[in-house]
Amino acid sequence: MEDLIIDKASPATRTIAAVKKSTMKALVYYAPGKKSWQEQPKPVIKETTDAVVKILKTTICGTDLHIMKGDMPEVASGRILGHEGVGIIEEVGSSVSNFKKGDHVIISCVTSCGKCSFCKKGMYSHCENGGWILGYMIDGCQAEYVRIPYADNSLYPIPAGADEEALVMLSDILPTGFECGVLNGQVKPGDTIAIVGAGPVGMAALLTSQFYTPAETFGATHIINSAKENAIEKIKSLTDGKGVDTAIEAVGLPATFELCEEIIAAGGHIANIGVHGKSVVLHLEKLWDRNISITTRLVDTVTTPMLFKTVQSKRIEPKKLITHRFKLDEMIKAYDTFEHAAREKALKVLLEN
Ligand SMILES: [Zn+2]
Ligand SMILES: [Zn+2]
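Note that the structure is predicted; figures quoted are calculated from it, not measured.

Caption draft 1: Structural view of the coordination of the zinc ion (ligand 1). Surrounding the zinc ion (ligand 1) are the protein donor atoms Cys 61 (SG), His 83 (NE2) and Asp 172 (OD), at 1.7 to 2.1 Å. Between consecutive donors of the zinc ion (ligand 1), the numbers of intervening residues give the motif C-x21-H-x88-D. Placement of Cys 61 in the loop between strand 3 (51-59) and helix 3 (62-69) and of Asp 172 in the loop between helix 6 (164-167) and helix 7 (173-183) is noted, with a sequence separation of 111 residues between them.

Caption draft 2: Focus on the nonpolar core. Ile 106, Leu 167, Met 169, Leu 170, Leu 174 and Ile 248 are the most contacted members of the largest nonpolar core, which has 43 residues in total. Per-element accounting of this core gives the leading share, five residues, to helix 7. Those residues in contact with Ile 248 that lie beyond four places of it in its chain are Gly 181, Val 182, Ile 193, Ala 194, Ile 195, Val 196, Ala 205, Cys 260, Ala 271 and Ile 273. Of all hydrophobic cores here, the second largest spans 20 residues; its members include Leu 27, Met 68, Phe 326 and Leu 328.

Caption draft 3: Molecular detail of the sheet that holds strand 2 (residues 34-41). Spatial strand order, 2-1-4: three strands in an open sheet with antiparallel pairing. Bordering the open sheet on either side are strand 2 and strand 4 (79-80), each of which pairs with just one other strand. Pairing analysis gives eight bridges linking strand 1 (residues 23-31) to strand 2, with the strands arranged antiparallel. Across the sheet, residue Val 28 finds its bridge partner in strand 2, namely Ser 36. Contacting strand 1 and strand 2, helix 13 (residues 331-339) crosses the sheet at an angle of about 150° to strand 2.

Caption draft 4: Broad picture of the coordination of the zinc ion (ligand 2). Taken together, Cys 113 (SG), Cys 116 (SG), Cys 119 (SG) and Cys 127 (SG) make up the full set of protein donors to the zinc ion (ligand 2), lying 2.3 to 2.4 Å away. In terms of primary sequence, the donors binding the zinc ion (ligand 2) are separated according to C-x2-C-x2-C-x7-C. One end of the pair, Cys 113, is in the loop between strand 6 (104-107) and helix 4 (117-120); the other, Cys 127, is in the loop between helix 4 and strand 7 (145-148), with 14 residues separating them in the sequence.

Caption draft 5: Quick look at the packing of helix 9 (residues 231-238) against helix 10 (residues 254-263). Axis separation between helix 9 and helix 10 bottoms out at 10 Å; the angle between their running directions is 30°. Classed by the angle they form, the pair helix 9 and helix 10 counts as roughly parallel. Of the two possible hands of crossing, helix 9 and helix 10 adopt the one that is right-handed. Contacts from Ala 231, Ile 232, Ile 235 and Lys 236 in helix 9 reach Leu 259, Glu 262 and Ile 263 in helix 10. Residue composition of the contact of helix 9 with helix 10, grouped by class: five nonpolar, no polar and two charged.

Caption draft 6: Examining the sheet that holds strand 12 (residues 264-272) more closely. A sheet is described by the order of its strands in space; here five strands give the open sequence 10-9-11-12-13, paired in parallel fashion. Every other strand in the sheet has two partners, leaving strand 10 (216-218) and strand 13 (293-295) as the edge strands with one partner each. Looking at each pair of strands side by side, their axes are set apart by 15° on average, direction ignored. As paired elements, strand 11 (residues 244-249) and strand 12 share five bridges and run parallel to each other. Bridge pairing in strand 12 places Ile 248 opposite Ala 271. Those strands touched by helix 8 (residues 200-209) are strand 9 (192-196), strand 10 and strand 11, and its axis lies near 160° from that of strand 9.

Caption draft 7: Spatial organisation of helix 9. Between the side-chain oxygen of the N-cap and the backbone nitrogen of Ile 232 there are 3.0 Å, and the N-cap of helix 9 in question is Asn 230. Of the residues one or two after helix 9, Asp 240 is the one with positive phi, at around 55°.

Each value, and the rule that gives it
Residues numbered from 1 in each chain as written. Chains lettered and ligands numbered in written order. Predicted model: local features only at pLDDT ≥ 70, side-chain atom pairs only at ≥ 80, totals over all residues. Heavy atoms only, no water. Donors = N, O, S within 2.8 Å, 3.2 Å for Na, K, Ca; no water. Helix = DSSP H or I, 4+ residues; strand = E, 2+ residues; numbered from the N terminus. Core = buried A, V, L, I, M, F, W, Y, C linked by side-chain atoms within 4.5 Å. Buried < 20%, exposed > 50% of the residue type's maximum accessible area, 1.4 Å probe, protein only. Contact = heavy atoms within 4.5 Å. Pairing = 2+ DSSP bridges. Axes fitted to C-alpha atoms, helices over the stretch in contact; angles between N-to-C directions. Parallel < 35°, antiparallel > 145°, perpendicular 65-115°, else oblique. Left-handed = near helix turned anticlockwise from the far one by under 90°. Nonpolar A, V, L, I, M, F, W, Y, C, P; charged D, E, K, R; others polar. Polar contact = N/O pair within 3.5 Å; in protein donor to acceptor, adjacent residues only side chain to side chain.

Next comes the structure, spelled out in structure tokens:
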């Protein structure tokens, strides 16, 4: 339709129309504390394995706030942020075979070629050609359009009629909470779990831990406000002095990791999810004989298809994590709300195009 109008237009109008079509609005990071919602060139297909996706819904991650704070100086000035969202395929490269123009898709926060040695092991997070690059090493999804490399392996199809708001939670937080927290924490039926950190990822770990019907999940059956009470004493008293079978660290601070070391039961698992910027004291003098395992992981998103089914069947309802809704061009306002999550009582902010 647009092409037809351009063909008939005078050369001058044609140029204006072409300029209009080749730009979009996006959230650009410049330096710690400096960002702008502005016109940017619309992404184009660079490799035959790429897709360009028009964003329908996106969100802001705690990781984006880390970038904005300057915790990740490797992020280049001028980078478009964002690694979560759902959208509609605008264009595909010639070797993309799983998707076509018009398909609705979930964008995975992890880009994976599906062919390298790490991908073959299911460790997409360390893909030699991708991994977590979106909104970090390459331009991301807090924009009207995004280029997705290795589209066949990095996008997931959305069937007609699905609740796309809920599916935004499948880009990152649900697989992150599940893989890094619940799976690595080896949660089993009857276990006691402490989730340290009640942000979106902690809540996603809470939702997905329910697959294993834990006996008690502190933070759910018992909410402990560590600012107001002694979390260690409280957890010890709730577990007959033993501590918890799984402690999931979903903050990324030395104090919260050390709290996990204090509350873990003999034979327990400390599963780290938090993005840490500082070194943490490992109390081996207390833990060396306690049969503890400590795991770290970057989400691989290998469980996304399984989690998709649990969302579709309403076994879990991640939509409940959405507390605020904005139009896409209210991006700066949405950042302001999410930056003051405690004051605004915000978990996930949803932006709609
Ligand atoms: Zn994220
Ligand atoms: Zn790979």
